[in-house]
Structure formats: C-alpha cells, structure tokens
Amino acid sequence: MTQFNVHRIGPEIKVGAFDISFTNASLFMIISSVAILLIFNLGSKKNSLLPNKIQLLAELSYTFVSKMINDTAGSKAKPYFAFIFSLFMFVLFCNMFGMIPYTFTVTSHIIVTFILASFIFIGVTVIGFIKHGFGYLKLFVPSGVPAVLLPLIVVIEIISYLSRPISLSVRLFANMMAGHTMMKVFGGFVISLGIVGGWLPLSFSVALTGLEILVAFLQAYVFAILTCIYLNDALNLHH
Amino acid sequence: MPKDQFKTRLEIAKKKISKKNLYDNKNNPSSIGTAFKLSTELVSAVAVGTIIGFIFDKTFGTKPWFILIFFFVGVVAGITNVIRSAKNMQK
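Here's a quick rundown of the structure. Counting from 1, residues in each chain are numbered in the order their sequence is written. Written order determines the labels here, with chains lettered from A and ligands numbered from 1. This being a predicted model, a pLDDT of at least 70 is required before a residue's local features are given, and a value of 80 or more before pairs of side-chain atoms are given or counted; all residues contribute to the totals for chains, interfaces and linings. Only heavy atoms go into the side-chain values, all of them from the structure, while hydrogens and water stay out.

**Focus: the overall build of chain A**
Regarding its fold elements, chain A presents six helices and two strands. Beginning at the N terminus, the succession of helices and strands in chain A can be written as β-β-α-α-α-α-α-α. For the C-alpha atoms alone, the extent of chain A along its principal axes is close to 70 × 50 × 45 Å. Relative to its full complement of 239 residues, chain A shows a buried share of 42%. The long-range fraction of contacts in chain A, counting pairs at least 24 apart against all pairs at least 6 apart in sequence, stands at 68%. Counting every atom, chain A has about 13,200 Å² of accessible surface; 76% of that belongs to carbon and sulfur. The positive count covers Lys and Arg only, the negative count covers Asp and Glu only, and His and the chain ends enter neither. Positions of charges follow a simple convention, taking NZ of Lys, CZ of Arg, CG of Asp or CD of Glu. Considering chain A, the positive charge centre built from 13 side chains and the negative charge centre built from 7 side chains are found 6 Å apart. Per the convention used, a helix needs a DSSP run of H or I reaching at least four residues, while a strand needs a run of E reaching at least two, with both numbered from the N terminus. Note on exposure labels: buried denotes an accessible area under 20% of the residue type's maximum, exposed denotes more than 50%, and partly exposed covers the range between, all computed with a 1.4 Å probe on protein chains only. Here, two residues are considered to be in contact whenever any of their heavy atoms come within 4.5 Å of each other. Only the protein chains shown count as cover for residues, with accessible areas throughout obtained via the Shrake-Rupley method and a probe of 1.4 Å.

**Brief notes about the packing of aromatic side chains**
All names here are of chain A. A pair of aromatic rings is counted whenever rings of Phe, Tyr or Trp (Trp by its six-membered ring) have centres within 6.5 Å, and the orientation is called stacked for planes under 30 degrees apart, edge-to-face for over 60 and tilted otherwise. A complete count under the given rule lists 23 aromatic pairs over all chains for this structure. Their ring planes at 40° and their centres at 5.8 Å tell us that Phe64 and Phe88 sit as a pair that is tilted. Placement of Phe64 in helix 2 (residues 53–73) and of Phe88 in helix 3 (residues 81–98) is noted, with a sequence separation of 24 residues between them. On the basis of an interplanar angle of 50° and a centroid distance of 5.3 Å, the ring pair of Phe121 and Tyr161 is categorised as tilted. Of this pair, Phe121 sits in helix 4 (residues 110–132) while Tyr161 sits in helix 5 (residues 150–197), and the two are 40 residues apart along the sequence. Neither Phe121 nor Tyr161 differs from the other in exposure class; each is buried. Grouped by ring-pair contacts, the aromatic residues Phe40, Tyr62, Phe81 and Phe85 constitute a single cluster.

**Some points on the environment of A:Phe90**
Residues and elements named next belong to chain A. Secondary-structure assignment places Phe90 in helix 3. Taking the relative accessible area as the measure of exposure, Phe90 reaches 18% and is therefore buried. Here the alpha-carbon distance between Phe90 and Gly123, two residues 33 residues apart in the chain, equals 18 Å. Those residues in contact with Phe90 that lie beyond four places of it in its chain are Met29, Ser32, Ser33 and Ile36.

**Quick notes on the nonpolar core**
Residues grouped as a nonpolar core are buried Ala, Val, Leu, Ile, Met, Phe, Trp, Tyr and Cys residues, joined through side-chain atoms within 4.5 Å. Counting residues in each nonpolar core, the largest one holds 45 residues, and the members touching the most others are A:Val65, A:Met68, A:Ile84, A:Phe88, A:Met89, A:Phe223 and A:Leu231. Tallying contributions element by element places helix 6 (residues 199–235) of chain A first for this core, with 13 residues. Residues within four places of A:Leu231 in sequence aside, it is in contact with A:Ala77, A:Tyr80, A:Ile84, A:Val124 and A:Ile127. By size, the runner-up hydrophobic cluster in this structure holds eight residues, among which are B:Val48, B:Ile52, B:Phe70 and B:Ala77.

Here is the structure:
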C-alpha cells in the first residue's frame, strides 16, 4: 500500500554501505519532534495562574506522565522522568500525526519501533548492572527453585527477558499497521460499492477513525508504562 | 464520643475512595490493550526461542535439534510471561 512506502526526499546520501538519505519517515519524525518542542515551549513560556489551552495541555501531559512513573516504578525512577516523558510524547505524536490523511505513520514500520524498544532494553540492562553489579543476574534465578530444575529455569528466564524488546516493538507496530490497513480496506469498500451501498462501510470507517485515535493514544501509553515496569525491575530488584 | 465517631467515619470514607480508585485504574487502560499485551508476550518469547535455536544450529551444524529444543523452551517462557503479566494485572 502506498501509505506505507518509504521514499527518498532530496539527494541520496551514502556512508559506506549504508543509505542514510532523508526520507519521508525522517521528515515525519522531525515534524513530530518540532511539534512537541513548539507545544512545550509555548506552554511553559508564560506561567500564568489561569492557564491557556497550550499551557493546560503541557501541564496535563506532565502530570500524567509523572503520576504514571510514580505509580509503576516508584520514586527511584524520578531521574529517568525526562527520558520516559520524551519517549511517550514522541510515540504519541508519531501515532497522532499518522491519523491525519496523506501523512506517513512512522510507528507503522517495525524497524522504527524495534530500534526504540532495543534502545530501552539496552538502557535498562545497563542501568541494572550499574545499580546492582553482577547481582543483577539474580533476576534470572528465581528463589525457591530446586537445584535440579535450575538450568532449565535460567534458560527460560533468559528467553523471557530477551523477548521484552520484541514484544514491545511488535505490539506498537502491529497495532498501528493493522489499524491503518483496516481503514484502507473499508475505504476501498466505499469506492467499490459506490453511492448505493457505500454508506455502511463509510459509517464503519468513521467509527474506526475514532477507535484508531484511541489506539494511537493507548499504544503510546502502553509503550511508556512497560518502559516504567522494566525500569522498575532494574531499579528495585525483587524477584 | 463525637470525635472518635468522626475518625471512624473518615477511615471508612477513605477506604471507599481508595477502593474506587483501584477499580477505576483497573478498567481504565481498555481491555484491547491488555489482551494484545498478553498475546504479543506469548508470541515474542516463542520467536526468541526459535531464533536462538536457529543460531545454535547454524554455528554447531546440528540441524534440527537445537531449534526443536529451544522452540519448546520458548513456548514455556511465553507461558510464564503470560502468567506473570496476568498476575501483575490482578494486583
């Protein structure tokens, strides 16, 4: 489908064997980052007691994320607030920009979400090793397991640990791609059934648009909250 | 004593509020999200297990064996993942 095509904008740039030219995916990442920066700059410029709309938006999202971190990862995770906040905002804005017709949804490509997820995974692992040293490996050895079963359990635990970035990235990517594909399919029905029978799929697509906006928000939320949970595992080691 | 009575009533009211919040939190992040979370957790562990088995087979040249073993280990890991996150949801 054409809405998922990545194409080059401007000249081709090559570093060694890698093609790093500017594409529409990079364009929409930049657009969403600039939009976030704009909203939060405008929102924090004038700290009036009665907030205007942009300030309200900025403050609401700030308290939302800060409450989420406090609830899931505790007060120890406070230093990582900036990272989780920007992650949540970036995913949310990429999802939401994808809902505008004729735009490109960055998060509907698995490579983007997988890079985000593996960055989180590596970061959380490094934090765990810094905080606990080699004691972090205790995460793979649950207490109260008979010694006979231990090798098997450790392998299972390692696999379940390694599966985290994959489940994180596949979830976001599959939700976004499935939603956009479904909307495309229903849009196709509207065209092929014409003015006589096209009203039913049209009403479906209106409802689906609402659902997709919900999913776009929900997936950004799930992405951020799972990051908090993994961070919680790394910071407060109790298994 | 009116003061004691007030205290107990305050306690009861506080308990009610905390219960209500818990209930709200549980229902808030829509059921689609949680359902999808469980399914991806199961599938991703199986995928990781199979990939590890494939890599071992490639390096040691023992074609079907490691992939078979690690596939089933991956399934078990996926099931433990699902059970763990379901337990987390119930908290």
